[in-house]
Amino acid sequence: MSKALTNQELHNLAMNHVGKDLEQRGFEFVAINSKLKKHPQFVCIDKNSQYFFVIVKAVVLPENPNNYDVVWMETFKKHAFDKDAKVLFAGVGLGNPKGEDLPIYLNEDYLIEYNGLQVVETNLN
Amino acid sequence: MKQFTFVLLLLVLLSCKEESKQIEALSENTKISGPVFGTSFSVIYNSEINYKKEFDSLFTVVNKSMSTYIPDSDISKLNRNETVEMDEHFIKVFLASKKIYKATDGAFDPTIGDVVNAWSFGADTNKFLTDSTTINNLMHFVGFDRVVMIDNNVSKQPQTYIEFNAIAKGYGVDVIADFLERNNITNYLVEIGGEIRASGMNMEKETPWKVGLDEPRFDGEQSVLKGISLTNVGMATSGTYRKFKTDDYGNRYAHIINTKTGYPTKTNILSVSVIAEDCMTADAYATAFQAMGIEKVTEFLKSHPELKVFLVFENDNKEFQTLSLNYFPEQ
């Protein structure tokens, strides 16, 4: 019996992928927020003691994972600017290989589209 | 026409009186002081409202979050590995500490506390001067890079002991200063145990805020080395001359522990004063600089123009010498 992943579980799956990418790129984790809608998902620091707020967004394919809510992002950018942090966006698309309208099941294969970390310029509006 | 002039004059007189009354009211400062964090605090600000109660409750909140001297504080629970959700104060200090830990390459490290306790300089006074095995064992659990916050909980090794005592006093100063600013008070001087934040000027005397830097003395007495004017900054001083231990051979041990070795520093720096944007930052860097030594500090400050530093050290002839870096104010 297949069990479909909840939105929270999809979010955590996306975070796992992004977390590994961040780690490989030499970022150090300072804080992690795993609960859905609790932003940012990762607070990281690099070797120059620069803070990065990483926003992870999971979407179900064929929705485009590279897009984010620009209006919401404006308020978040302001928050990051106040804290002297840079903003990275990581969109993750997840899907069921057997069909677009099927959910993603626990412990079964899934499709992933992840195009890496996008730098969100905090100084531009 | 004459009557008109008279009325005008009267009006001018009246308005003059009104104005001078206003200035008089504003030129008086409120001064509040008392005990806090095992030392004392003093706040001077340009307003008639007495905020003693508010200050006390702010101190209680900070203590409840970060005091290792209070058994049921959040940080004490954390160090006993009990589950506890950290509050905004803890998170702010945690994030600032990470940044300074990283910038100073670990010279400032909130996980060094157990080693400090082993040398009996810190909160737990029951332990005393120690042996190398104890220190080596404790050093396995030192390293703030291995401590991460996950969903507002702190994830750490069970044996790792965290304390923010080298930054919390400065943070307490910022909490009071931020409170005053939220209440539209822009002329104030906040001080806790020598850590300071100053804003605007002393309206009562119509002068900038003047603070004195202690002369390093080993006899426990206090005297002022030099006075400086401060505005819109935080300043903190870390001095080994106030808190040190002497072993049987007369070696002086500072209460600053080298975070790499676990041993007290044998630095010739007697005191470091740091001026920064806020007092928390100044406090943490003052501790780190004490451990780093003169050469490393001089090099570090080339890429950190936002920090101004004044060092007092003992030179090769066993004399006091001073060094100002990044335009630390002369007076």
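Note that the coordinates shown come from a computational prediction; the quantities given were computed from them, not determined experimentally.

Further remarks concern the packing of helix α4 (residues 88-103) of chain B against helix α7 (residues 165-182) of chain B. Residues and elements named next belong to chain B. In contact at an axis separation of 11 Å, α4 and α7 are set at 125° when each is read in the N-to-C sense. When the axes of α4 and α7 are compared, the pair comes out oblique. Helix-helix and strand crossings are classified by hand; for α4 and α7 the assignment is right-handed. The residues of α7 that touch α4, namely those facing Val93, Ala96 and Ser97, are Ile167, Ala168 and Tyr171. Residues that form the contact of α4 with α7 fall into these classes: five nonpolar, one polar and no charged.

All names here are of chain B. Strand order in the open sheet formed by eight strands is β1-β2-β5-β6-β9-β12-β13-β14, with antiparallel pairing between adjacent strands. Across the chains shown, the open sheet's two edge strands, defined by having one partner strand only, are β1 (30-36) and β14 (320-325). Taking each pair of neighbouring strands and ignoring which way they run, the sheet shows an average axis angle of 10°. Pairing analysis gives five bridges linking strand β2 (residues 39-45) to strand β5 (residues 188-192), with the strands arranged antiparallel. Bridging across to β5, Phe41 finds its partner in Ile192. Its contacts with the sheet put helix α9 (residues 294-302) on β12 (269-276), β13 (308-314) and β14, and the angle it makes with β13 is roughly 165°.

The next point concerns the packing of helix α2 (residues 52-66) of chain B against α4 of chain B. Residues and elements named next belong to chain B. Contact geometry for α2 and α4: axes closest at 9 Å, N-to-C directions at 65°. In terms of their interaxial angle, α2 and α4 are classed as roughly perpendicular. Note on packing geometry: the crossing formed by α2 with α4 is right-handed. Taken together, the residues of α4 that come into contact with α2 (itself represented by Val61, Val62, Ser65 and Met66) are His89, Phe90 and Val93. The residue makeup of the contact of α2 with α4, split by class, is five nonpolar, two polar and no charged.

About the thresholds
- Residues numbered from 1 in each chain as written.
- Chains lettered and ligands numbered in written order.
- Predicted model: local features only at pLDDT ≥ 70, side-chain atom pairs only at ≥ 80, totals over all residues.
- Axes fitted to C-alpha atoms, helices over the stretch in contact; angles between N-to-C directions.
- Helix = DSSP H or I, 4+ residues; strand = E, 2+ residues; numbered from the N terminus.
- Parallel < 35°, antiparallel > 145°, perpendicular 65-115°, else oblique.
- Left-handed = near helix turned anticlockwise from the far one by under 90°.
- Contact = placed C-beta atoms within 7 Å.
- Nonpolar A, V, L, I, M, F, W, Y, C, P; charged D, E, K, R; others polar.
- Pairing = 2+ DSSP bridges.

The values reported here are purely geometric and, on their own, carry no functional implication.
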